[in-house]
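Overview (structure and organization)
What follows is the residue order along each chain.
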Amino acid sequence: LDKTMEGREIFICFEGTAVNAEFYFNGSLMERSFSAYTETIFNVTDRIYFDGRPNVLAVYIKGFETEGWWYEGAGIYRHVRLYAKDKLHIAHNGVFGKPVLKKGTQNSWTVEVETTLENSNYEDTAATVRATILDGDKVMATATTAPIACPLDSQKAVLQKLNVSRPTRWDVDNPKLYTLRVEVLHDGEVVDEQVERIGFRTIAIDAERGFFLNGRPLKIKGTCNHQDHAGVGVAVPDSVQYY
């Protein structure tokens, strides 16, 4: 690993391994996984070599174990990612945005954004969280917290509310999405950011009249669709998934 990563928090994430797996880094057992469908993430910061020695990541998978009666595949079948973060950063999967239609309005929304900060420093660290909703380059709404103290070696959740007026609603015929960007600032500098897609729509289910999307009756159609693809299994390029 490049020495420029030294001093940062290093995580490795396996998004899918089938089925029972053990993960080793430089000879240490880091984590175990018992499901093909959940990701596995672990911190390797204090086990990394920056002195020229090779860093060895080893994975042992019991490919003959099963989780269901269907075919889950075997081995590493989703992306594997390495994250190098500032000591003060957004926790893994630490951003959640929830659009809520304001009562008594036709198309005025409050987007509740919860961000979980993670502080790997050995001292309390002050941070500012800035959340922005964009339509391309156009800013729809923005919110910034006052500096908050994130305790040492712990996590802290921050809740922000952004007002958005008259967004284009997500619909099956026009699946309009917006961008939610969350930034963490320390001493005026952005030390971490995460970008998510977000949409606005209402749903309702009535026992007599059925399902409604944005107030419009709609029939729900679906398939019994397993994750494997005929002839190619489950470890496939993203392009096959999109197809």
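Overview of the sheet that holds strand β1 (residues 9–14)
Strand order in the open sheet made by the three strands is β5-β1-β8, with antiparallel pairing throughout. In this open sheet, the two strands that pair with only one neighbour each are β5 (40–43) and β8 (80–85). Each neighbouring strand pair of the sheet contributes to a mean axis angle of 20 degrees, computed without reference to strand direction. Pairing between β1 and β5: four bridges, direction antiparallel.

Let's talk about the environment of G63
Turning to its location among the elements, G63 is positioned in the loop between β6 (57–62) and β7 (75–76). Considered as a pair, G63 and V19 are 44 residues apart in the sequence and their alpha carbons are 6.0 Å apart. With sequence-adjacent residues up to four places away left out, G63 is seen in contact with A18 and A74.

A few points about the sheet that holds strand β19 (residues 216–217)
Pairing within the open sheet is antiparallel, and its three strands lie in the order β17-β18-β19. Two strands in the sheet have a free side with no partner beyond their single neighbour: β17 (203–206) and β19. Bridging between β17 and strand β18 (residues 210–213) involves four bridges; their strand directions are antiparallel. Bridging from a neighbouring strand, D206 pairs with G210 of β18.

Here's the deal with a nonpolar patch on the surface
Taken together, the side chains of L57, V59, I76 and V80 make up a nonpolar region of the molecular surface, amounting to roughly 280 Å² of accessible area. In this structure V80 comes out as partly exposed when scored by relative accessible area, which is 42%.

Rules used throughout
Residues numbered from 1 in each chain as written. Predicted model: local features only at pLDDT ≥ 70, side-chain atom pairs only at ≥ 80, totals over all residues. Heavy atoms only, no water. Pairing = 2+ DSSP bridges. Helix = DSSP H or I, 4+ residues; strand = E, 2+ residues; numbered from the N terminus. Axes fitted to C-alpha atoms, helices over the stretch in contact; angles between N-to-C directions. Contact = heavy atoms within 4.5 Å. Patch = residues over 30% accessible without salt bridge, like charges linked within 9 Å, V, L, I, M, F, W, Y side chains within 5 Å. Areas by Shrake-Rupley, 256 points an atom, 1.4 Å probe, with all protein chains shown as cover. Salt bridge = Lys/Arg side-chain N within 4 Å of Asp/Glu carboxyl O. Buried < 20%, exposed > 50% of the residue type's maximum accessible area, 1.4 Å probe, protein only.

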